[in-house]
Structure formats: C-alpha cells, structure tokens
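Spelled out, the chains give:
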Number of protein chains: 2
Amino acid sequence: MVERNRVALIGSGCWGSAIAKIVGNNVLAHDDMFETEVFMYVYEEIVNGQKLTDIINSEHENVKYLPEIKLPANVIAVPDVVKACNDADILIFVLPHQFVKETCLKMKQFIKPNALGISLIKGFILTESDGIQLVSKVISETLGIETAVLMGANLATEVASEMFCETTIACENESYKPLLTALFETSYFRCKVIKNVAGVEACGALKNVVGIGAGIVDGLGYGDNTKAAVIRLGLMEMMKFTKVFLGNDDKSVFFESCGVADLVATCHGGRNRLLGEAVVKSMKKRGIAGVDIRLLEKEILRGQSFQGPLIAKEIYSYLKDNSMLEQFPLLVAIHRICTREVDPRNFIDCLRDHPEHM
Amino acid sequence: MVERNRVALIGSGCWGSAIAKIVGNNVLAHDDMFETEVFMYVYEEIVNGQKLTDIINSEHENVKYLPEIKLPANVIAVPDVVKACNDADILIFVLPHQFVKETCLKMKQFIKPNALGISLIKGFILTESDGIQLVSKVISETLGIETAVLMGANLATEVASEMFCETTIACENESYKPLLTALFETSYFRCKVIKNVAGVEACGALKNVVGIGAGIVDGLGYGDNTKAAVIRLGLMEMMKFTKVFLGNDDKSVFFESCGVADLVATCHGGRNRLLGEAVVKSMKKRGIAGVDIRLLEKEILRGQSFQGPLIAKEIYSYLKDNSMLEQFPLLVAIHRICTREVDPRNFIDCLRDHPEHM
C-alpha cells in the first residue's frame, strides 16, 4: 500500500483499551505505514460526574474499564461510532458480541469500501434466519469488507501490564500479513499470522464455555487432574464442534495461541472460570435457585457481562437442532448448569462416560 | 486368556502406592481374569524404627510415600524384587527411571517369558552406547517382553483421593486392551487404550521439563498469559522433539490425557513446577550459586528426586549431538537454568524470538 493507513478501534472495554495501548504505540513506531491518530469509539457513560470520553482524552486512561494503565495520547476517544470509522482503512472490532450487528448497521454507510476489518470478539451471533454465525462473518457480510481475526491467550490486564504472551491473527488474504504484524506485534505481544479465520474464531468463542466448566471444578474442590481432564475433554468437544459446524477439520489451529493456550489461560485466570466457581458457591449457599447468572454479573462484574453462558446457549441450540446433544456432554452440561436444569454438583457425573473414553 | 493373570508392582513410591490401590481393588473385582494376590516390590527402608514392608503389610498404608491412604489388604509388600516378579504375568513398573536398568537385570532370570510389562515411568534412560532411550524399550529389551505404558494427568495424591481423571494406556498389541482396561479403569480413573507406545512415553518424559519452565514463570511473577505461552511453546517443542527423536509425526497423541492434559496438570500442580518456582526464589535469595537442584531436592522432596532436570539434561545432550539446540530454545533454556548457565530472570528473553513466531 502506498498511502498510510488510518486505524480505528470500535470498542473500548478492558480488552479494547489494552489493545489501544499497543496499536497507539505501533502506529507511532511505523508512521510510514499508518496515520498516527487513532480514533477509538467509546460508548459514552458518565463516570464520577464526567464523560468517559473526556476523561480518556484528558487523562489518557480508561478509568472505568482499564484503570491505572496509560494510553498513548494519539488514541482519541470519540462517542460517535460514525466519526470513529469514517475514513479508516483498518477497523478493529472489540465490542461485546451482542452489540456487533447494530453497530455495523450504524457504520455501514460511512466506511471506506476497501477497509479491512479485524475482529477481536470472542463469541457467536445468534440470528433468527441463519442460527449461530461467526462474528467475523456478520461484520464481513454487513459491511461488505474482508475481516480478519485476532485471538489468543490474552487476558487484558496482563497484556496491558506488558507481560509476555502470544496471539494468533488469521486473515485469508496473506498480503495483509506485514501490515497486521506491524500493527499488533511488540516485544511482549508475539503474533503469528495464519489463514484459518473461522477456526481461530471458533476457538475464541468455545473456550469461554469450557472456562465455566473449569470454574465449576474449582468450586467443587477438585484438583489439577480433574481440571486437566475437563480442559482436555473441552478441547476435544471444541474440535468436534468446529468440525461439524464449520465443516473444517484443520486441527493445527488448536495448537496455536488461540487454541490450547487461550483455553488454558481462560480455565485458570479468565472471567468465565470465575463465574463457574461462583455458580457452585451460590448453589451451596442458596440452593439451585441461587444459580442466577444475571445476579452474579452484577455482583462480580459490576455491569459487564459473562460471554460464556450466552455462547453455551447458542451452541446448545445448534446441537439440539442437529440432534447432537449426546455427543457433547461437557458443553451441554455447562449450559444446563447455567440454566438451573442440572445441579453443578453433578457436573463430573456428566463426564464419566464421555464418548472420548469409548 | 484362560488362566488368571498374576499381577506384580515393581515400585512403591507415591504413584506406585496410588496405582496399587486401584490395581488391588480391580483384581478383586475381576477375579475371573486376575489372581487376587498382588505383590508390590518395596525398596526396604526403616521408618519410625520399623521396616516399611512390615508397616505396609500390617497397616495397609505406605506411611512414607502415600500417607493416610488405605491400600487393599491383597496388596502384599515384598522387599525382594525377585520374589515380587516371580510367577507374575503382568509386571507394572513404577520406579524412578534411574533404577530401571539395574532392577530389570536383577529380575531377568526369574520372570515368565510371556509376561507383559507396563511402564508408568516418566523419563528417558541415558545409555553410553545408544544415547537416550525410552524406558519401555529398556524394559522390553532387557527382559525380552512386550511392554505397554500408562501415562496421563495423574498427580498421585489426587488419584489416591479418587478425584476424577483420565489416563492414556498404549500397547502395540491390541488384544491386551480388555485386560488392561479391567486392571486399571475405575469410575474415577478413565482409561483410553491406544497403540502409539513411544509417543505416549515421550509425552510423559518431556512434560516434566516444561513443568520446570511453568514454575520459573510463576516464580518470576508473570500471569496466566505468559504461563499459557510457555505451556504452548513447550507443547510445540515436545511435538518437534518427538518427531525428530522417534521419527513419529502422529500428533493425535498430544490430544490424549498423556499429552495436553498431563502437561497442563504438571504445569499447575506438579513437582517440577514447584522446582522451577524454587529455583527463582533461591536465585533471588542467594544469587546464581543458590540454584542448587540437589539442595532443593533435600529441602522440598526430603529424599525423592526431581525427574525434570535429569530429563532436561538427557534431551540437551541429544539436541547438542544432533546440532539442534537453536530449534528448541525453551527446553535448552530450562536445562541451562538448572545448570546455572542461564539466569532464570532471562528465561522469557530466551523465548521472545521463538521459531514458532516466525
């Protein structure tokens, strides 16, 4: 590309802000390839009596979602998604997955036709007409642009603290590789660019469900063997689901950061693991009626949402429609625990005769 | 088989005692297939003024290596390995790997010619003539018997407490599958029988080295992302080493319990993880001279040995002889940290330009 690419971030939660720090610094370091001003779309909120965009633009810190981390001053918060995306060559999507479709519809008339989308969103989108869909596909089809993905073992606060980690970027068009590497790679954030977009994205969504299972195991007081078994059985169901759902039997993607590494990180330090543990604790304290995901979201996340139960529900509806429930005992049990159909104390019993042991 | 099989355990440490509990109960449950008396070879020691074999045979508890777990009364401790193996049809090997060769040489004249060996030993054996060798191969060649292996995410104390887990059994001769399943499977110890003996065994040895790396990451205060990256890079090096060393590119074995699950359990709850963490702590307290594996064995294990540093050394010598050091930066760095050639604080720097990121 001859011209310098303008980059915009669509979203500014914890992960969005962490990636804004990397992207803001990298466009400065590669100012031959990128415009140095980066707009970041921020859903406007009032925090301590001030607009969140004003706080970010004056203090260079997202005090609500990623406190104590300084953002580069060239990252500019804007409350209007149309202003944020206008003129951008690269659109980085990092919103909760339930807001993707409506946000894309707002942007549709205003984006450059040759823009490249990159989704950092881990989840599926449930549509009435087509069942569950990959987020990258919804972005790509709604906006009519090529869409890459970035997924990996990237707990946001640790990335923001510059602790060493890896990530996987997937893009069908290999000519974008130098651009994507320049935009995201740092000495502590190591990028591998591959082609299998759908496979990478399925990993990113599915591991959130397995993370709930790992938390249930922790809540029940089991040790590392049991947790490792749940992680492995979860991985096997992720692989089988990907094969069935995408018609894609490329297992190599599960060995990338987006696969086994993200699964392991999620099952030890992720938000959905925390939910699984809290489910068991509420059950013990308040009985099965105590398993109330919305209440736990309020108690634990203070306004953000757990993606895992939504994804579990989406997967469950797909498996039910395709008469495959009995082939996925782990994913099905986790959904049913979230909906109070199964007592979390029976989780392990759901796995004893797993098809993998036959 | 028409006759009932006599089972013997060669070894009685923590893992040997945990498996003795399972095997002792299973031969009783399947007394159509097995003799109900199981001899367990115990290296005689004096514990609290009494012989360890006498304590095990009167209290049915290995008070030294697996306290507070009752063993079935049909497991009989014997201090003489010749007596233990004599007449046995199935020989379960569960000794530290450095004692395998000499123990087999003692047994050689006394075993049944058609006995089946099963190795639960995670390590390689370094020989002067042939370099590193699989333990199952040393057993098989020394005794002239077929040898299967059993490896998985099986931290011994958790297995002994009957917490749910999985394991992988590998045996070239598929006709042994029903016998092996009857001998080892319980409602909490789920067995999958596959064919790739060498692949399963290589996993079991190599993960101990990666476990040290996970401990170093913990000791250095990194979070779940970094640990997940080390686990994944370790897995990739395990796969590459297995391919080079065994000439075996069967990646499916890494998805079994012996692969990713054992690796994850080892990197979170294993003994070698503890060593890695202790290495960093000693370094901080006493400088690089403080990194003394023997001293840490005395402090932490009270007499048992860490397998990881030995295996790291064996792998290192193989890689050096084959001019492949630069392809395995993680395994090499761990060996060099154990031998004080590299400061553990530089571990992550050894990984930043890993060949996997190219």
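Note that the structure is a prediction, hence the values are computed from the model and not measured. (Residues numbered from 1 in each chain as written. Chains lettered and ligands numbered in written order. Predicted model: local features only at pLDDT ≥ 70, side-chain atom pairs only at ≥ 80, totals over all residues. Heavy atoms only, no water.)

**Let's talk about the packing of aromatic side chains**
Residue and element names in this part refer to chain B.
Working step 1: Under the criterion given, the structure shown has 15 aromatic pairs over all chains.
Working step 2: Between the aromatic rings of F124 and F245, the centroid separation amounts to 5.5 Å while the plane-to-plane angle is 80°, which identifies the pairing as edge-to-face. With F124 in strand β8 (residues 124-127) and F245 in helix α9 (residues 224-246), the pair connects residues that are 121 residues apart, well separated along the chain.
Working step 3: Since its relative accessible area comes to 0%, F124 is described here as buried.
Working step 4: F245 sits in the buried class, given a relative accessible area of 18%.
Working step 5: For the pair F241 and F245, a centre-to-centre distance of 5.4 Å together with 25° between the ring planes defines the contact as stacked. Of this pair, F241 and F245 are both found in helix α9, 4 residues apart, which corresponds to roughly one turn of the helix.
Working step 6: On the basis of relative accessible area, F241 is assigned to the buried category, the value being 0%. (Phe/Tyr/Trp six-rings, centres within 6.5 Å; stacked < 30°, edge-to-face > 60°. Helix = DSSP H or I, 4+ residues; strand = E, 2+ residues; numbered from the N terminus. Buried < 20%, exposed > 50% of the residue type's maximum accessible area, 1.4 Å probe, protein only.)

**Some words on the relation of the copies chain B and chain A**
Working step 1: Mapping chain B onto chain A calls for a screw motion: a turn of 180° about the axis and a shift of 0.0 Å along it, with 0.0 Å RMSD after fitting. Considering both components of the superposition, the chain copies are consistent with a two-fold axis. Residues of chain B ranked by C-alpha distance from the rotation axis are headed by V264 of chain B, positioned 3.8 Å from it.
Working step 2: Interface overlap between copies: 100% of the residues of chain B at the interface are likewise at the interface in chain A, consistent with a symmetric, same-surface contact. (Least-squares fit on C-alpha atoms with pLDDT ≥ 70 in both. Contact = heavy atoms within 4.5 Å.)

**Some thoughts on the sheet that holds strand β5 (residues 75-78) of chain B**
Residue and element names in this part refer to chain B.
Working step 1: A sheet is described by the order of its strands in space; here 8 strands give the open sequence β5-β2-β1-β6-β7-β10-β11-β12, paired in mixed fashion. Each end of this open sheet is capped by a strand with a single partner; those strands are β5 and β12 (189-194). Put simply, the sheet's adjacent strands are angled 25° from each other on average, direction ignored.
Working step 2: On top of the sheet, helix α2 (residues 52-59) reaches β2 (38-41) and β5; it is set at about 165° to β5, its chief contact. (Pairing = 2+ DSSP bridges. Axes fitted to C-alpha atoms, helices over the stretch in contact; angles between N-to-C directions.)

**With respect to the sheet that holds strand β11 (residues 165-170) of chain A**
Residue and element names in this part refer to chain A.
Working step 1: Taken together, 8 strands build an open sheet; the order of strands is β5-β2-β1-β6-β7-β10-β11-β12 and the sheet is mixed. Where the open sheet ends on each side, the last strands, each with one partner, are β5 (75-78) and β12 (189-194). Strand-to-strand twist of the sheet, defined as the mean angle between neighbouring strand axes without regard to direction, takes the value 25°.
Working step 2: The pairing of strand β10 (residues 147-151) with β11 spans 3 bridges and is antiparallel. Bridge pairing in β11 places M151 opposite T168.
Working step 3: Sheet strands in contact with helix α1 (residues 14-29) are β1 (7-10), β2 (38-41), β5, β6 (90-93), β10 and β12, and its direction is about 175° off that of β1.

**A look at the packing of helix α4 (residues 100-107) of chain A against helix α5 (residues 135-143) of chain A**
All names here are of chain A.
Working step 1: Contact pair α4 / α5: the axes reach a minimum separation of 9 Å and the direction vectors enclose 20°. In terms of axis orientation, α4 runs roughly parallel to α5. When the axes of α4 and α5 are compared, the crossing they make is right-handed. Residues V100, K101, C104, L105 and M107 of α4 form the contact with α5, whose participating residues are V135, V138, I139, T142 and L143.
Working step 2: Its residues assigned to classes, the contact of α4 with α5 shows 8 nonpolar, 1 polar and 1 charged. (Parallel < 35°, antiparallel > 145°, perpendicular 65-115°, else oblique. Left-handed = near helix turned anticlockwise from the far one by under 90°. Nonpolar A, V, L, I, M, F, W, Y, C, P; charged D, E, K, R; others polar.)

**Observations concerning the pairing of β12 of chain B**
Residues and elements named next belong to chain B.
Working step 1: Burial analysis of β12 places 6 of its 6 residues in the buried class, the great majority of the element.
Working step 2: Judged by which residues are buried, β12 turns out to be covered on both faces: F189, C191 and V193 on one side and R190, K192 and I194 on the other are all buried.
Working step 3: Judged from the 6 bridges that link them, strand β11 (residues 165-170) and β12 form a sheet pairing that is parallel. Across the sheet, the residue bridging to I169 is V193, located in β12.
Working step 4: As for the winding sense of the linkage, the β-α-β connection from β11 through helix α7 (residues 177-184) to β12 is right-handed. (Right-handed = clockwise from strand over helix to strand, strands pointing away.)

**What about the interface of chain B and chain A?**
Working step 1: The interface is formed by 45 residues belonging to chain B together with 45 residues belonging to chain A.
Working step 2: Interface area, chain B with chain A, both sides summed: about 3,900 Å², of which 60% is carbon and sulfur.
Working step 3: Looking at the side of chain B facing chain A, the largest losses of area belong to F164, N225 and F255 of chain B, adding up to 23% of the total buried there.
Working step 4: Remark: the boundary between chain B and chain A carries 8 salt bridges.
Working step 5: Residue K192 of chain B is joined to E356 of chain A by a salt bridge in which the shortest nitrogen-to-oxygen separation is 3.2 Å.
Working step 6: At the surface where chain B touches chain A, the tally comes to 23 residue pairs in polar contact (both at pLDDT 80 or more).
Working step 7: Looking at side-chain class alone, the side of chain B that touches chain A contains 24 nonpolar, 10 polar and 11 charged residues. (Buried area = accessible area lost by both parts, 1.4 Å probe. Salt bridge = Lys/Arg side-chain N within 4 Å of Asp/Glu carboxyl O. Polar contact = N/O pair within 3.5 Å; in protein donor to acceptor, adjacent residues only side chain to side chain.)

**Observations regarding the UniProt feature "binding site: substrate" (unreviewed entry) in chain A**
Residues and elements named next belong to chain A.
Working step 1: Here, UniProt's "binding site: substrate" (unreviewed entry) annotation points to K122, R271 and N272. Maximum C-alpha separation among the annotated residues is 12.7 Å over a sequence range of 151 residues, consistent with a single clustered spot.
Working step 2: Looking at the element boundaries, K122 is found in the loop between β7 (116-119) and β8 (124-127).
Working step 3: Here K122 falls in the buried class, since its relative accessible area comes to 15%.
Working step 4: Contacts of K122, omitting those with residues within four sequence positions, involve M151, G152, G204, A205, K207, N208, D262, Q307 and I311. (UniProt positions renumbered as here; feature names shortened; annotations may be inferred.)

**Let's talk about the pattern of salt bridges**
Working step 1: Within this structure, the stated rule accounts for 45 salt bridges over all chains.
Working step 2: A salt bridge links D249 of chain A to K243 of chain A; its shortest N-O distance comes to 3.8 Å.
Working step 3: Residue classification places D249 of chain A among the partly exposed residues on the basis of a relative accessible area of 43%.
Working step 4: A salt bridge links K21 of chain B to E162 of chain B; its shortest N-O distance comes to 3.0 Å. With K21 of chain B in helix α1 (residues 14-29) and E162 of chain B in the loop between α6 (156-160) and β11, this pair connects stretches of sequence that are 141 residues apart.
Working step 5: One salt-bridge network, held together by shared partners, links E166, K192 and E256 of chain A together with R232 and E356 of chain B.

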